[in-house]
Amino acid sequence: MMTPVRYDFTGRTAVVTGGARGIGRAIGERLARDGARVVVWDLDPKHFDSTVNDYRPADIVATDVAEPSSVEDAFARTLDVVGHLDILVNNAGINGPIVSAWELDPKIWQRILDVNLNGVYHASRAVVPHLLERGQGRIVNIASMAGKDGNAQQSAYSVSKAGVIAFTKSLGKELATGGVTVNAIAPAMAQTELFAQMTPEHIAAGKAKIPMQRYVSVAEIADLAAWIASDECSFTTGFTFDASGGRATY
Ligand SMILES: NC(=O)c1ccc[n+]([C@@H]2O[C@H](COP(=O)([O-])OP(=O)(O)OC[C@H]3O[C@@H](n4cnc5c(N)ncnc54)[C@H](O)[C@@H]3O)[C@@H](O)[C@H]2O)c1
C-alpha cells in the first residue's frame, strides 16, 4: 500500500473559503491532517457535516466572500481565534445555471463574478498585508478548466475562472519577493454538490472531454493543494496547476 505523503503544517494556520463541503472541505481536512489549524469561511456553515469523520475546523465563520465587509469581519475573528494566518485557500465558488450567455440574467452574471472572482480579490486583499508583514505565506486559488477553455453555456463561470487565473499571475508577481506565493489549481470535473447546478447533458459532455475518462476526486485536488501550500513548493508562483486528467492542452 502507498504511504500517504505528509507535509509539516505544525504551527501553521489556514483559511479555506467555501470549506464547509466539497473540494474546500477536502482541502481543509488534508491540511488539518498534516497539523494545520484550519478556519472555514462559508456562506452556509450548515453545509459542514460533523458526522462524516473526526475533522473539526478551529472555527467555521459565516462569510460571504462577495462582500468586503463580511470578509474583513471574518479575518478579524480568525486572528482572534488562531492568532495569525499562513495559508489562504480561495475555494468558494458557484456555478450558476447552464444557459447561453444571452439568456443569462444580468444579476446572476454579476453574482457569479462577485463570488468566484471578486471573492478571491476581497479575501486576498484582506490577508496580504498580514502575510507580507510575517514574510511568509501561501495563497491557493481554486480556478477551473472552464477558465482556460471557455465552456459553452457557462460564460460567466468561465470568465470568472479566467479572471482568477489572471489575478493569480498578477498577485504572484506582486508578492514574489515577499515570501508569499500565489498559485491556482484548474480542476476538471469533481463529483460534488456543484453538480446540482448543472444539467446531466452538461456533466456528460464535461466528462467526455477528460482523456482519463473519469472525474477527479476531491482528495486528488486536496493533495495538490497541500503540496502547493507546503514549504516544498518554494519556487513556483503565479502558476496554474491542472488537475484535468489530460484535458488541459496549455
Ligand atoms: N466540482 C467541480 O467539478 C469543480 C471543477 C472545477 C472547479 N471547481 C471549483 O471548486 C470550488 C469548490 O466547488 P465544489 O465543487 O466543492 O462546490 P460545492 O458547492 O460543493 O461547495 C462550495 C462551498 O462554497 C460555499 N459558498 C458558496 N458561495 C459562497 C460565498 N459567497 N461565500 C462563501 N462561501 C460560499 C458553499 O456554501 C459551499 O459550502 C469552486 O470554486 C468551484 O468553481 C469545482
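Our subject is the structure listed above.
The model shown is predicted, which means the values in this text are computed figures rather than measured ones. (Residues numbered from 1 in each chain as written. Predicted model: local features only at pLDDT ≥ 70, side-chain atom pairs only at ≥ 80, totals over all residues. Heavy atoms only, no water.)

Asker: Kindly report on the side chain of Thr63, identifying the contributing residues and their values.
Answerer: Relative to the elements of secondary structure, Thr63 occurs in the loop between strand E3 (59-62) and helix H2 (68-82). Not counting residues within four places of it along the chain, the set of residues in contact with Thr63 comprises Trp41, Asp42, Leu43, Ser70, Val71 and Ala74. (Helix = DSSP H or I, 4+ residues; strand = E, 2+ residues; numbered from the N terminus. Contact = heavy atoms within 4.5 Å.)

Asker: If you had to explain the site of the ligand to someone new, which residues and values would you point to?
Answerer: Neighbouring the ligand are 30 residues; Asp42, Asn91, Tyr157, Ala190 and Thr192 lie closest to it. Within the side chain of Asp42, an N or O atom sits 2.6 Å from an oxygen atom of the ligand. A distance of 2.8 Å separates a nitrogen atom of the ligand from a polar side-chain atom of Asp64. Contact with the protein chains covers 97% of the free accessible surface of the ligand, which is 840 Å². Secondary structure elements with two or more residues in the shell around the ligand: helix H1 (22-33), helix H3 (106-134) and helix H5 (155-174). Across the shell around the ligand, the residue classes tally to 15 nonpolar, eight polar and seven charged. (Near = heavy atom within 4 Å. Polar contact = N/O pair within 3.5 Å; in protein donor to acceptor, adjacent residues only side chain to side chain. Areas by Shrake-Rupley, 256 points an atom, 1.4 Å probe, with all protein chains shown as cover. Nonpolar A, V, L, I, M, F, W, Y, C, P; charged D, E, K, R; others polar.)

Asker: Break down unusual backbone geometry for me, citing the residues and quoting the values.
Answerer: The phi angle at Gln153 is positive, at roughly 65°, despite the residue not being glycine. With respect to the secondary-structure elements, Gln153 resides in the loop between helix H4 (146-149) and H5. The backbone phi angle of Gln213 is positive, close to 60°, even though this residue is not glycine.

Asker: Can you tell me about the packing of aromatic side chains, naming the residues and giving the values?
Answerer: This structure, assessed with the given rule, holds six aromatic pairs. Here the aromatic rings of Phe195 and Tyr215 are separated by 5.4 Å at their centres, their planes lie at 70°, and the arrangement is edge-to-face. On the criterion of sequence distance, the pair formed by Phe195 in the loop between strand E6 (180-187) and helix H6 (200-208) and Tyr215 in the loop between H6 and helix H7 (218-229) is long-range, its members being 20 residues apart. On the basis of relative accessible area, Phe195 is assigned to the buried category, the value being 14%. Ring geometry for Trp227 against Phe241: centres 5.7 Å apart, planes inclined by 90°, an arrangement best described as edge-to-face. You can see Trp227 sitting in helix H7 and its partner Phe241 sitting in strand E7 (residues 240-243), a full 14 residues away along the chain. Taking the relative accessible area as the measure of exposure, Trp227 reaches 28% and is therefore partly exposed. (Phe/Tyr/Trp six-rings, centres within 6.5 Å; stacked < 30°, edge-to-face > 60°. Buried < 20%, exposed > 50% of the residue type's maximum accessible area, 1.4 Å probe, protein only.)

Asker: Any details on the packing of H2 against H3? Residues and values, ideally.
Answerer: Contact geometry for H2 and H3: axes closest at 8 Å, N-to-C directions at 40°. Between H2 and H3 the crossing geometry is right-handed. Facing Pro68, Val71, Glu72, Phe75 and Leu79 of H2, the residues of H3 in contact are His122, Ala123, Arg125, Ala126, Val127 and His130. Here the residues of the contact of H2 with H3 sort into seven nonpolar, two polar and two charged. (Axes fitted to C-alpha atoms, helices over the stretch in contact; angles between N-to-C directions. Left-handed = near helix turned anticlockwise from the far one by under 90°.)

Asker: So what's going on with the pairing of E6? Which residues, and what values?
Answerer: The two faces of a sheet get side chains in turn, since along a regular strand they alternate between them. The element E6 is extensively covered by neighbouring structure, given that eight of its eight residues are classed as buried. Of the strand pairs in this sheet, strand E5 (residues 137-142) and E6 are connected by six bridges, and their pairing is parallel. Each bridged residue has a counterpart across the sheet, and for Val140 the counterpart in E6 is Asn183. Of the pairings in the sheet, the one linking E6 to E7 comprises four bridges and is parallel in character. The residue bridging Ala184 from the neighbouring strand is Thr240, located in E7. (Pairing = 2+ DSSP bridges.)

Keep in mind these values describe shape, not function.
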